[in-house]
Amino acid sequence: MKATDRSDPVILGHVLGEHRELHAAIAAVRCLLEKGEGSPDVSGDDLVSALNTLRHHLADHFAKEEAGGFLEESVARVPRLSKAVAGILAEHPRLLAEIDALIESVPTTSMPPEAWRSCGEGFGRFAGHLVTHERNENSVVQEGYNEDLGLVD
Ligand SMILES: [Fe+2]
Ligand SMILES: [Fe+2]
């Protein structure tokens, strides 16, 4: 793990606030998936576009977390968190690869109901992994800073 300057609490608050925004972006994709199965007005392109928006948002969020220093700061304060933090950081590329595979799997021609269902299932699995990731991150930071940041559900 690279050495970083001490983390900035403003950045910390901002990045953790983004977890709530990510939940909203996930809900937007879910809503589209539900609508898509029964509506001819929603296309596979709309789904790809919503997934790409979430993907960009995520890549930006992960980059901020990796540069923010607060995960390292949590380890500096509470060394036993080191394994959990290494695990969390290793998940970033895996989560991006998972959403990339999902985007790739959306049919570009037409979207029969089975395709909507299969995309819905794939997205459900991805969203579950992402929500667990963010929850673990919140827990680590909360423990590292030994403060009740009101983050853990
Ligand atoms: Fe993260
Ligand atoms: Fe995060």
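Above this text sits the structure in question.
Read on for an overview of the structure. Numbering of residues starts from 1 in every chain and runs along the sequence as written. Naming scheme: in the order in which they are written, chains are lettered from A and ligands are numbered from 1. In view of the model being predicted, local features appear only for residues whose pLDDT reaches at least 70, and side-chain atom pairs are presented and counted only at 80 or more, with totals across whole chains, interfaces and linings using the full set of residues.

## Looking at the overall build of the chain
Piece 1. Runs of H or I in DSSP of at least four residues are treated as helices and runs of E of at least two as strands, each being numbered from the N terminus. Helices and strands together make up the secondary structure of the chain, namely five helices and zero strands.
Piece 2. Listing the helices and strands of the chain from first to last along the sequence gives α-α-α-α-α.
Piece 3. Residue burial in the chain is summarised as follows: out of 153 residues, 22% are buried.
Piece 4. For the purpose of contact definition, each residue receives a C-beta atom placed from its backbone, and two residues are in contact when these atoms lie within 7 Å. Looking at the chain alone, contacts between residues at least 24 apart form 73% of all its contacts between residues at least 6 apart. In this scheme the burial state of a residue depends on its C-beta neighbours within 10 Å: 20 or more other such atoms mean buried, 12 or fewer mean exposed, and anything in between means partly exposed; the C-beta positions come from the backbone.

## Digging into helix H5 (residues 113–145)
Piece 1. Every helix has an expected span of 1.5 Å times one less than the residues it contains. Along its 33 residues, H5 runs 47 Å from first to last C-alpha, staying within 8% of the 48 Å computed at 1.5 Å per residue.
Piece 2. Along H5, the residues classified as buried are Trp116, Cys119, Phe123, Leu130, Glu134, Glu137, Val140, Val141 and Gly144.

## Description of the packing of helix H2 (residues 44–68) against helix H4 (residues 82–105)
Piece 1. Axis definition: a line fitted to C-alpha atoms, over the contacting stretch in the case of helices. Angles run 0 to 180 degrees between N-to-C directions. Axis separation between H2 and H4 bottoms out at 10 Å; the angle between their running directions is 170°. One element, H2, and the other, H4, form an angle in the roughly antiparallel class. Contacts between H2 and H4 involve Val48, Leu51, Asn52, Leu54, Arg55, Leu58, Ala59, Phe62 and Glu66 from the first element and Leu89, His92, Leu95, Leu96, Ile99, Leu102 and Ile103 from the second.
Piece 2. Side-chain classes are defined by residue name, with Ala, Val, Leu, Ile, Met, Phe, Trp, Tyr, Cys and Pro counting as nonpolar, Asp, Glu, Lys and Arg as charged, and the others, Gly among them, as polar. Split by residue class, the contact of H2 with H4 holds twelve nonpolar, two polar and two charged. To sort the angles, those under 35 degrees are grouped as roughly parallel, those over 145 as roughly antiparallel, those from 65 to 115 as roughly perpendicular, and the leftovers as oblique.

## Quick look at the nonpolar core
Piece 1. Within the largest apolar cluster, 14 residues are counted, with the highest numbers of intra-cluster contacts made by Val29, Leu33, Leu47, Ala50, Leu51 and Leu54.
Piece 2. Counting only elements with at least two residues in this core, the list comes to helix H1 (9–38), H2, H4 and H5.
Piece 3. Aside from chain neighbours lying at most four places away, what touches Val29 is Ala50, Leu51, Leu54 and Phe123.
Piece 4. Counting nine residues, the second-largest nonpolar core is a separate cluster that includes Val15, Leu71, Val85 and Val141. Any nonpolar core is a set of buried residues, restricted to Ala, Val, Leu, Ile, Met, Phe, Trp, Tyr and Cys, that join up through C-beta atoms within 7 Å.

## What about the environment of Ala86?
Piece 1. Within the fold, Ala86 resides in helix H4.
Piece 2. Taking C-alpha positions, Ala86 is 9.8 Å from Val75, a pair spaced eleven residues apart along the chain.

## Describing the packing of helix H3 (residues 70–77) against H5
Piece 1. As a packed pair, H3 and H5 sit with axes 8 Å apart at the nearest point and diverge in direction by 45°. For the element pair H3 / H5, the angle class is oblique. Handedness of the H3/H5 crossing: left-handed. Here H3 contributes Phe70, Leu71, Glu73, Ser74, Val75 and Arg77 to the contact with H5, which in turn contributes Val140, Val141, Gly144 and Tyr145.
Piece 2. A breakdown of the residues in the contact of H3 with H5 according to their chemical character gives six nonpolar, two polar and two charged. Crossing handedness follows the turn of the near helix against the far one: under a right angle anticlockwise gives a left-handed crossing, and clockwise gives a right-handed one.

## Quick look at the environment of Ala25
Piece 1. Topologically, Ala25 is positioned in helix H1.
Piece 2. Residue Ala25 is classed as buried on the basis of its 21 C-beta neighbours within 10 Å.
Piece 3. With 28 residues separating them along the chain, Ala25 and Thr53 place their C-alpha atoms 8.3 Å apart.

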